[in-house]
Amino acid sequence: MKRLAILASGSGSNAEKIMEHFQNSDKGKVVLVASNKPGAYVLERAKNFQVPTFTFTRKEMEEGILLKKLEEEQIDWVILAGFLLKIPDALTRAFPDHMVNIHPALLPKYGGKGMYGAHVHEAVKAAGEKETGITIHLVNENYDEGKIIFQAHTPIDELDTPDSIAAKVHELEHKYFPKVIEGLL
């Protein structure tokens, strides 16, 4: 059975869906939820699933503290679920093709530094796109440039707002992210 760690910076709705999906799986188990935000709600969600948590600062991550923790926990896969910091090169090298991220748009459009959450949906709306979606990709040393594993699309109509676009994208994230992770294992 593969040992999974989830990195998240916020509320953790995707992390919750992943923990729920793997709680009775024979393929993988979420054994750690780590966050750079001590007050992130994802930590509460982890407690509800009896998953241990770990918090760290950006500096600690850059100094290798997070990598050391992942190694101690014998993590096989690192899952980024709303994690907002850039992953240090040493961490991506430690998990080649075993670190996966979900992005709330159809990459390569609307990716890169600063393109997360509402910023993405506002940009998609402002550009007049007719569709958006999710991209699940491997993580490399650059923001949102790793190998694309899966994309799902949803239409946008002219009455959609950034908030309604976000709701459509969240639905796709919750539906597909756990299943795609399981397929990777």
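Residues numbered from 1 in each chain as written. Predicted model: local features only at pLDDT ≥ 70, side-chain atom pairs only at ≥ 80, totals over all residues. Heavy atoms only, no water.

Visitor: Describe the pattern of salt bridges, and please don't skip the residues or the numbers.
Guide: Within the structure shown, the criterion is met by 9 salt bridges. The partner of Glu 72 in a salt bridge is Lys 68, and the shortest N-O contact between them spans 3.9 Å. Of this pair, Glu 72 and Lys 68 both sit in helix α4 (residues 65-72), 4 residues apart, roughly one helical turn. Glu 73 serves as the salt-bridge partner of Lys 69, at 3.2 Å between the closest nitrogen and oxygen. Relative accessible area serves as the criterion here: at 21%, Glu 73 is assigned to the partly exposed category. If you follow the salt bridges from partner to partner, you end up with Arg 3, Lys 69 and Glu 73 in one network. (Salt bridge = Lys/Arg side-chain N within 4 Å of Asp/Glu carboxyl O. Helix = DSSP H or I, 4+ residues; strand = E, 2+ residues; numbered from the N terminus. Buried < 20%, exposed > 50% of the residue type's maximum accessible area, 1.4 Å probe, protein only.)

Visitor: Break down α4 for me, with residues and values.
Guide: For α4, every residue scored as buried is listed here: Leu 66, Leu 67, Lys 69 and Leu 70. Around the axis of α4, the buried residues are gathered within 160° of arc, so they sit on the same side. When the buried face of α4 is taken as reference, the exposed residues oriented beyond 90 degrees from it are Lys 68, Glu 71 and Glu 72. Looking at the packing, one finds that the buried side of α4 touches β1 (2-7), β2 (28-35), β3 (53-55), α3 (58-62), β4 (77-80) and α5 (89-94). Positive backbone phi, at 55°, marks Gln 74, one or two positions downstream of α4. (Arc of directions from axis to C-beta. Contact = heavy atoms within 4.5 Å.)

Visitor: How would you summarise the sheet that holds strand β5 (residues 99-103) if you had to cite specific residues and measurements?
Guide: Strand pairs in the sheet, formed through backbone hydrogen bonds, run parallel or antiparallel to each other. The 7 strands lie next to each other as β3-β2-β1-β4-β5-β6-β7, forming an open sheet whose pairing is mixed. Here the strands that pair on one side only, and so sit at the sheet edges, are β3 and β7 (148-155). Here the strands of the sheet are splayed against their neighbours by 20° on average, with no regard to which way each runs. (Pairing = 2+ DSSP bridges. Axes fitted to C-alpha atoms, helices over the stretch in contact; angles between N-to-C directions.)

Visitor: Before we move on, can you summarise the side chain of Ser 25 with the specific residues and values?
Guide: Along the polypeptide, Ser 25 turns up in the loop between α1 (13-22) and β2. Within polar-contact distance, the side chain of Ser 25 engages the backbone nitrogen of Gly 28 at 3.4 Å. (Polar contact = N/O pair within 3.5 Å; in protein donor to acceptor, adjacent residues only side chain to side chain.)

Visitor: Give me the pairing of β5: which residues, what numbers.
Guide: Across the 5 residues that make up β5, a large majority, 5, are buried. Where burial is concerned, the two faces of β5 agree: the one with Met 99, Asn 101 and His 103 and the one with Val 100 and Ile 102 are both buried. For β5 and strand β6 (residues 131-138), the ladder comprises 4 bridges, and the chain directions are antiparallel. Opposite Asn 101, over in β6, you have His 137 as the bridge partner.

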